[in-house]
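For reference, the chains in residue letters:
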Amino acid sequence: QVQLVESGGGSVQAGGSLTLSCAAGRYTYKRNCMGWFRQRPGKDREGLATLWIGGATTTYADSVKGRFAISRDDAKNTLTLQMANLRPEDGAMYYCVAGGLGTCLFRRPTDFTYWGQGTQVTVS
């Protein structure tokens, strides 16, 4: 079964930090692109960050540049999102995603085949 399982969400004060993790099955983890999206209530899903296979190249949305960092741990088949200086508007459901070649550059939701169930982040 293909799976992406997010963890690490929770409640944090503004200015604080959280690190989200995404545990992936081997098949899913070997996709060409993995990334993170979020969705705030009443809003469309927003692509935050993507990382190409091998971890050498990344993209970030302007809203999180300088505050969030995406990375891979290949030994654990795990994707992480380090979030710092969190703001109330960062509160959202955060999703781990995986897709094939060509999905990383534009961070479009419809380009990604695999989605996790989401982990909730609340910033107060």
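Residues numbered from 1 in each chain as written. Predicted model: local features only at pLDDT ≥ 70, side-chain atom pairs only at ≥ 80, totals over all residues. Heavy atoms only, no water.

(A) Quick peek at the overall build of the protein chain. For the protein chain, the count of helices and strands is one helix and eleven strands. In the protein chain, the succession of α and β elements from N to C terminus is β-β-β-α-β-β-β-β-β-β-β-β. By the compact-globule yardstick of 14 Å for 124 residues, the protein chain fits well, its C-alpha radius of gyration being 13 Å. On the principal axes, the C-alpha backbone points of the protein chain span a range of 35 × 25 × 25 Å. Every one of the 124 residues in the protein chain was classed for burial, and the buried ones make up 46%. Of the roughly 6,200 Å² that the protein chain leaves accessible, carbon and sulfur atoms contribute 48%. In the protein chain, which carries 14 positive and 9 negative side-chain charges, the distance between the mean positions of the two groups comes to 3 Å. (Helix = DSSP H or I, 4+ residues; strand = E, 2+ residues; numbered from the N terminus. Rg over C-alpha atoms; globule rule 2.2 N^0.38 Å. Buried < 20%, exposed > 50% of the residue type's maximum accessible area, 1.4 Å probe, protein only. Areas by Shrake-Rupley, 256 points an atom, 1.4 Å probe, with all protein chains shown as cover. Lys, Arg positive; Asp, Glu negative; His and termini not counted. Charge placed at Lys NZ, Arg CZ, Asp CG, Glu CD.)

(B) Fine view of the pattern of salt bridges. Under the definition given, this model contains six salt bridges. A salt bridge links Arg-38 to Glu-46; the shortest N-O distance between them is 3.0 Å. Overall, the relative accessible area of 19% leaves Glu-46 in the buried class. For Lys-65, the salt bridge identified is with Asp-62, shortest N-O distance 3.1 Å. By relative accessible area, Lys-65 is classed as partly exposed at 49%. When salt bridges with common partners are traced through the structure, they connect Arg-38, Arg-40, Glu-46, Arg-67 and Asp-90 into a single cluster. (Salt bridge = Lys/Arg side-chain N within 4 Å of Asp/Glu carboxyl O.)

(C) Fine view of the pairing of strand β1 (residues 4-7). Only one face of β1 is buried: it carries Leu-4 and Glu-6, and the other face, with Val-5 and Ser-7, is open. Here β1 runs beside strand β3 (residues 18-24); their pairing, made up of four bridges, is antiparallel. Opposite Ser-7, over in β3, you have Ser-21 as the bridge partner. (Pairing = 2+ DSSP bridges.)

(D) Structural context of the state of the cysteines. According to the stated counting rule, one finds two disulfides in the structure shown. Each disulfide of the protein chain joins two cysteines, and with those cysteines numbered along the sequence the arrangement is 1-3, 2-4. (Disulfide = S-S within 2.5 Å.)

Structural measurements only, silent on function.
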